[in-house]
Amino acid sequence: AQSVTQLDSHVSVSEGTPVLLRCNYSSSYSPSLFWYVQHPNKGLQLLLKYTSAATLVKGINGFEAEFKKSETSFHLTKPSAHMSDAAEYFCVVSDPWSSASKIIFGSGTRLSIRP
Amino acid sequence: DVKVTQSSRYLVKRTGEKVFLECVQDMDHENMFWYRQDPGLGLRLIYFSYDVKMKEKGDIPEGYSVSREKKERFSLILESASTNQTSMYLCASRPPRGARSNQPQHFGDGTRLSIL
């Protein structure tokens, strides 16, 4: 069975400092992994995706994530936080051959940026 | 770029009304989804459709139905709205399962529905 755990419900960093949002997954298959961002009263926007091509994945807005199979992790990082990064972030795992019910969303991490 | 459009950003309805939420995508995606999002509960799948006239129940289908008469349009119907259906509703689409299903879902901006 698949599952995904976002280890922090809320992360607060100062502007200009690094961001780390943690995600651990469990999957019986070779999963696809995604990070989405959601700004207030908006839908989810794709930040980046892992689909087994490369373990270090670069996304939009300076975000990147590293797939570590041995640690079953897919943590999201950014070297320098910007005020506009304040939002909710979701880690998602899916088996590309499964039905929609196998798309599993993490519970979300709210990122706050201090001036 | 894929565009998923939800017909209303904000909607206020009364208890017992029949409510229609509409979603249209422009990328010829076979799969379409309806989720609701509530604080502390995350995203929960209500229904999804893998092709025209095809649908499957998600985790919380009670009180909802769906319609997919055309590939680009997926409607969520609240048969008799109740206050516990007040929520943010999100529609998404993506290509079908298989080699292309490492493609992500694309989301609309959501409909914030209030049932009074």
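This write-up is about the structure you can find in this document.

Conventions and cut-offs
Residues numbered from 1 in each chain as written. Chains lettered and ligands numbered in written order. Predicted model: local features only at pLDDT ≥ 70, side-chain atom pairs only at ≥ 80, totals over all residues. Heavy atoms only, no water. Helix = DSSP H or I, 4+ residues; strand = E, 2+ residues; numbered from the N terminus. Rg over C-alpha atoms; globule rule 2.2 N^0.38 Å. Buried < 20%, exposed > 50% of the residue type's maximum accessible area, 1.4 Å probe, protein only. Contact = heavy atoms within 4.5 Å. Areas by Shrake-Rupley, 256 points an atom, 1.4 Å probe, with all protein chains shown as cover. Lys, Arg positive; Asp, Glu negative; His and termini not counted. Charge placed at Lys NZ, Arg CZ, Asp CG, Glu CD. Disulfide = S-S within 2.5 Å.

### A word on the overall build of chain B
No. 1: The number of helices and strands found in chain B is zero helices and 11 strands.
No. 2: When the helices and strands of chain B are read in sequence order from the N terminus, they spell out β-β-β-β-β-β-β-β-β-β-β.
No. 3: A compact globule built from 116 residues would reach a C-alpha radius of gyration of about 13 Å, and chain B, at 14 Å, matches this within 12%.
No. 4: The principal-axis extents of the C-alpha atoms in chain B amount to approximately 45 × 30 × 25 Å.
No. 5: The proportion of buried residues among the 116 residues of chain B is 50%.
No. 6: Put simply, 56% of the contacts in chain B that link residues at least 6 apart link residues at least 24 apart.
No. 7: Of the roughly 5,700 Å² of accessible surface on chain B, 48% is carried by carbon and sulfur atoms.
No. 8: Mean positive and mean negative side-chain charge positions of chain B (18 and 15 charges, respectively) differ by 2 Å.

### Considering the state of the cysteines
No. 1: Within this structure, the stated rule accounts for two disulfides over all chains.
No. 2: Here C23 of chain A engages in a disulfide with C91 of chain A; their sulfurs sit 2.0 Å apart. Negative torsions about the S-S bond denote left-handed disulfides, and the value of about -65 degrees found for C23 of chain A with C91 of chain A makes this one left-handed. Here C23 of chain A is found in strand β4 (residues 23-26), whereas its partner C91 of chain A is found in strand β10 (residues 87-94), with 68 residues between them in sequence. Each of the two residues, C23 of chain A as well as C91 of chain A, counts as buried.
No. 3: One disulfide bridge connects C23 of chain B with C91 of chain B, the sulfur atoms lying 1.9 Å from each other. Every disulfide takes its handedness from the sign of the S-S torsion; for C23 of chain B and C91 of chain B that torsion is -80 degrees, giving left-handed. A residue pair is termed long-range when its members are at least 10 positions apart, and C23 of chain B in strand β3 (residues 19-25) and C91 of chain B in strand β9 (residues 87-94) qualify at 68 residues.

### Topic: the environment of K53 of chain B
All names here are of chain B.
No. 1: With respect to the helices and strands, K53 occurs in the loop between β5 (42-51) and β6 (54-57).
No. 2: Separated by 26 residues in sequence, K53 and E79 have C-alpha atoms that sit 18 Å apart.
No. 3: Other than its neighbours up to four places away in sequence, K53 contacts R68 and E69.

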